Structure formats: structure tokens, C-alpha cells
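Structural overview for review
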Amino acid sequence: MGTVVSIELADSRPESELSDLVDMTCSWLHEVDARFSTYKPDSEVCRFRRHEVALADTSDDFRHVLDRCADLWRDTDGYFDAYAGGALDPSGYVKGWSVEVASQRLLAAGSRRHYINAGGDIRMRGAGPSGRPWRVGVRHPWEAGKLSWVLELTEGAVATSGTYERGAHVFDPRTGKPATGLRSVTVAGPDLAVADAYATAALAMGEAGLAWLAKRVDEGYESAAVTDDGRAFTSPGLPIALT
């Protein structure tokens, strides 16, 4: 997926069992990468783009991802768009979804305390190794060695979308030009796939995304954002660590 994934298990289980759980998670993520990569010519996404496979003949996961991308396109008034670049690219949903599924599979296998970080998109469950909630540092959008916020969660997801590392990679679908107005958007909530998509959509909206994010609180999604001119905004329920 073009990023690094780290997996931390805090369950009190034999080392061999924990190792098996990590292997299971890695196998799933490699499977997702092989299917949804936009760089590997034999991936399902690339073959679908070249019209070598019909939608009806694609995998269940592929059809699920396209359905959810269509749902999110409607939910975000078109600002989350898997076709924003002209060709299908569901990466903005796939990364968060794959980690969310990985967490669900770990839970089903008995891991109730884990933390998966895929390039800054994070899903955590239970308490961390110290018995306290997991902590997530949100990077300062201009100073790489500093943090804007530190969040604290025992259950949930955190996703951040910004222009500070990859540059202008999110586009405003209304203009077709790189989105401006927001430098960084972080969304915390119950589902990483949704949090990731909401962060991307809000970034694409520019400053109008601040009001849109405020309306997502009723769905259980809190947020933090920094504008291009350095102003910071947070929703009232954002789980900011106190110490």
C-alpha cells in the first residue's frame, strides 16, 4: 500500500501465539495490497481499469469496496471520490478499511488489546501495554518534530489527512485543482475506514470542511484541523490526553 504498517499486541498470551496473530494480520494486508494496488499491473484494480474483468466477476471484497466508495461519495456530497483522478483509485478507502478488518480479525482470534498503525491511520482496542489507554500523537503540520495534539483512546480509530508530507495530493472535485484551506485534518471515531474517508473529504472541502466535520459528531466522529494560515480547531469531544 506504499506505506509502513506496525502492529502492537498487548495481550497476555504466549509469544508463539502473538507471532501467529501478527503473521495472520500481515498476510491479510498483503492480500489487500495485491488486490487493490494501483501500481501492480496484475492487481484486480488495474485489471478492472483495463476492462479485463467485469464487475460481476470481481471478488466480494472488490465489490464491497466499490459499494462503500459510492456510499461515501453520496455522504460527502462528492468530495470523497474514488474517480477523482479520472481512473478508479479506491486507496483513500482501502487503507482504513483493510486495517479495520485486520482489527476485527484479531478480535475474533482472541486479541482484545492491539494497535495497528498504517501510515498514520490507526485502529486500537483495549488498554496499551502499561494498562493505560493507547496514545496517538498528531503531527504538527509544519514542524515534523512536534505534535499538535496527543489523543488517548482504548477503543476506536484515528485517521489524518494532510498536505505536509505528500504535498497537494487531494483535489477539490468542484474545481479539479489541489484542495486549499486546510493543512491537516484528523478524525477520531469508531470505524477507521469511515474516519479515513471523512478526513480526506474534509481536506478536499477546504475551510468549508470545518462546518461539515462539526456535523459528523452526532455520528460519533470527532475531529481536529489546522488551516493553511495556522489556525487550529477541535470538536468538543475529541479525546485529547490530559497529561
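Above this text is the structure in question.
Attention here is on the structure that accompanies the text.

In terms of burial, strand S3 (residues 121-125) is largely enclosed, as five of its five residues are buried. Alternating positions in S3 separate into two faces, Asp121, Arg123 and Arg125 on one and Ile122 and Met124 on the other, with burial throughout. Inspection of the sheet shows strand S2 (residues 114-118) paired to S3 by five bridges, in the antiparallel sense. Looking across to S3, one finds that Ile116 is bridged to Arg123.

Turning to the nonpolar core, a few remarks are in order. Ranked by internal contacts, the top residues of the largest apolar core, which has 51 residues, are Phe36, Tyr93, Trp97, Val185 and Val187. Looking at which element gives the most residues to this core, the answer is helix H5 (residues 192-205), with 12 residues. Among residues more than four places away in sequence, those in contact with Phe36 are Val45, Asp61, Phe62, Val65, Pro90, Val94 and Trp97. If you look at the next biggest cluster of nonpolar residues, it comprises 15 residues, including Tyr115, Val138, Leu153 and Val226.

With antiparallel pairing, the seven strands of this open sheet are ordered in space as S1-S2-S3-S6-S7-S8-S9. Of all strands in the sheet, those bounded by a partner on one side alone are strand S1 (5-9) and strand S9 (232-234). When the angles between neighbouring strand axes are averaged without regard to direction, this sheet yields 10°. Contacts from helix H4 (residues 91-108) reach S1, S2 and S3 within the one sheet, and its direction differs from that of S2 by about 160°.

Now for helix H1 (residues 15-36). Note that an α-helix has 3.6 residues per turn; residues three or four places apart therefore point the same way. With 22 residues, H1 extends 32 Å from end C-alpha to end C-alpha; this agrees with the ideal 32 Å at 1.5 Å per step. Along H1, the positions that sit buried rather than exposed are Leu18, Leu21, Thr25, Trp28, Leu29, Val32, Asp33 and Phe36. Here the buried residues of H1 occupy an arc of 140° about the axis, which is enough to place them on one side. Opposite the packed face of H1, turned more than 90 degrees from it, sit the exposed residues Glu15, Asp20 and His30. Contacts from the buried residues of H1 go to S1, helix H2 (44-49), helix H3 (60-75), H4 and S2.

With that settled, the discussion passes to the environment of Ser130. Inspection of the secondary structure puts Ser130 in the loop between S3 and strand S4 (134-139). A relative accessible area of 62% means that Ser130 is categorised as exposed. Distance in space between the C-alpha atoms of Ser130 and Asp172 is 43 Å, their sequence separation being 42 residues.

So, on to the packing of H1 against H4. Viewed as axis vectors pointing N to C, H1 and H4 meet at an angle of 150°, and their least axial separation amounts to 10 Å. Here H1 lies roughly antiparallel to H4, going by the angle between them. The hand of the H1/H4 crossing is right-handed. For the pair H1 and H4, contact is made by Leu21, Met24, Thr25, Trp28, Leu29, Val32 and Phe36 and by Val94, Trp97, Ser98, Val101, Ala102, Arg105 and Leu106, respectively.

Rules and cut-offs
- Chains are numbered independently. Their residues run from 1 in the order of the written sequence.
- At least 70 in pLDDT is required for a residue's local features to be given in this predicted model, at least 80 for side-chain atom pairs to be given and counted, and no such filter applies to totals for whole chains, interfaces and linings, which use all residues.
- Only hydrogens and water are set aside; all other atoms, that is, all heavy atoms of the structure, feed into the side-chain values.
- To sort residues, take the accessible area from a 1.4 Å probe on protein chains only and compare it with the maximum for the residue type: under 20% means buried, over 50% means exposed, and anything in between is partly exposed.
- In DSSP terms, a helix is any run of H or I states spanning at least four residues, a strand is any run of E spanning at least two, and both are numbered starting from the N terminus.
- Strands were regarded as paired on the criterion that DSSP finds at least two bridges between them.
- Throughout this description, the term nonpolar core refers to a set of buried Ala, Val, Leu, Ile, Met, Phe, Trp, Tyr and Cys residues connected via side-chain atoms within 4.5 Å.
- A contact between two residues is defined here by any heavy atoms of the two lying within 4.5 Å.
- Interaxial angle, 0 to 180 degrees, is taken between N-to-C directions of lines fitted to C-alpha atoms, where a helix line uses only the stretch in contact.
- Take the residue count of a helix, subtract one, and multiply by 1.5 Å to get its expected span.
- Starting at the helix axis, one direction is taken to each C-beta atom, and the arc is that of these directions.
- The labels follow the angle: roughly parallel below 35 degrees, roughly antiparallel above 145, roughly perpendicular from 65 to 115, and oblique for the rest.
- Crossing chirality is assigned from the near helix's rotation relative to the far helix, an anticlockwise turn below a right angle marking it left-handed and a clockwise turn marking it right-handed.

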